[in-house]
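Observations on the model geometry
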Amino acid sequence: AQRVTQPEKLLSVFKGAPVELKCNYSYSGSPELFWYVQYSRQRLQLLLRHISRESIKGFTADLNKGETSFHLKKPFAQEEDSAMYYCALSVGTYKYIFGTGTRLKVLA
Amino acid sequence: DTAVSQTPKYLVTQMGNDKSIKCEQNLGHDTMYWYKQDSKKFLKIMFSYNNKELIINETVPNRFSPKSPDKAHLNLHINSLELGDSAVYFCASSSTGGTEAFFGQGTRLTVV
């Protein structure tokens, strides 16, 4: 079955603390994974994709096929990182499956 | 310039009514989607269209009928609205083989 699991609904960290948002997937094919972010009152937008191996706004995510994970990390959280984060899996050309989302709250 | 735009942004209507949500993208993409975000923030795909053709219909009740008059538009018509249809509906688009989906701002539908 194709599935994306984000086990944490809410993650609260203090400013300057490290952040890790967990994402696990289930897919028999070659996975293509993304992190999307939704800031308050804004549209969902792409944060990063695993094929780019890039760092955006200090966030990185590494695909671990052995653990079927694609956790999102940032060494030092900032208040403006507070948002809803969705892990997504592209299955085929015309379909994205999203996790249930994790709300990140960065406390001052 | 808004890449993916949906109208209306908010929609409050009574049970049993029929309503439509419009979506337009100016990115030149050939694939468009409708997603439903429920009260628990879970995002679930409803439909996917490629070049005006229906590709994916994720066991959505047939009260929901998408229509794609051209590649740049994918409208969602809902008949006989039910309380459970209350949610935020997101339109999105991407290019075939592209790896990023662009989302509209969402339409918050409230059925009373």
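Anything mentioned here points back to the structure above.
Residues numbered from 1 in each chain as written. Chains lettered and ligands numbered in written order. Predicted model: local features only at pLDDT ≥ 70, side-chain atom pairs only at ≥ 80, totals over all residues. Heavy atoms only, no water.

Taken together, the contact pairs 19 residues of chain A with 27 residues of chain B. At the boundary of chain A with chain B, total buried surface from both sides reaches about 2000 Å², with 54% on carbon and sulfur atoms. Its largest share of buried area at the contact with chain B, chain A owes to Arg43, Tyr94 and Tyr96 of chain A, together 37% of the area lost on that side. In this assembly, chain A and chain B are joined by 2 salt bridges. Residue glutamate 58 of chain B is joined to lysine 95 of chain A by a salt bridge in which the shortest nitrogen-to-oxygen separation is 2.8 Å. For the pair chain A and chain B, the interface holds 7 residue pairs in polar contact (both at pLDDT 80 or more). (Contact = heavy atoms within 4.5 Å. Buried area = accessible area lost by both parts, 1.4 Å probe. Salt bridge = Lys/Arg side-chain N within 4 Å of Asp/Glu carboxyl O. Polar contact = N/O pair within 3.5 Å; in protein donor to acceptor, adjacent residues only side chain to side chain.)

A few words on the sheet that holds strand β7 (residues 60–61) of chain A. Residue and element names in this part refer to chain A. The strand order across the open sheet formed by 3 strands is β3-β8-β7, and the pairing between neighbours is antiparallel. Every other strand in the sheet has two partners, leaving β3 (19–21) and β7 as the edge strands with one partner each. Sheet topology places β3 next to strand β8 (residues 72–74); 3 bridges connect them, and they run antiparallel. Looking across to β8, one finds that leucine 21 is bridged to leucine 72. (Pairing = 2+ DSSP bridges. Helix = DSSP H or I, 4+ residues; strand = E, 2+ residues; numbered from the N terminus.)

Grouped together as the largest cluster of nonpolar side chains are 26 residues, with contacts concentrated most on Trp35, Leu47, Leu48, Phe70, Leu72 and Tyr85 of chain A. Within the residue set of this core, elements represented by two or more residues are β2 (10–14), β3, β5 (32–38), β6 (45–49), β9 (83–90) and β11 (102–107) of chain A. At 4 residues, β9 of chain A tops the list of elements feeding residues into this core. Cys23, Trp34, Met46 and Phe47 of chain B belong to the second largest nonpolar core, which has 20 residues in total. (Core = buried A, V, L, I, M, F, W, Y, C linked by side-chain atoms within 4.5 Å. Buried < 20%, exposed > 50% of the residue type's maximum accessible area, 1.4 Å probe, protein only.)

Residues and elements named next belong to chain A. Within the element layout of this structure, aspartate 81 appears in the loop between β8 and β9. Exposure remark for aspartate 81: the relative accessible area of 3% places this residue in the buried category. Of note is the side chain of aspartate 81, whose polar atom sits 2.8 Å from the side chain of lysine 74. Filtering out sequence-adjacent residues up to four positions away, aspartate 81 remains in contact with Phe59, Lys74, Phe76, Leu104 and Val106.

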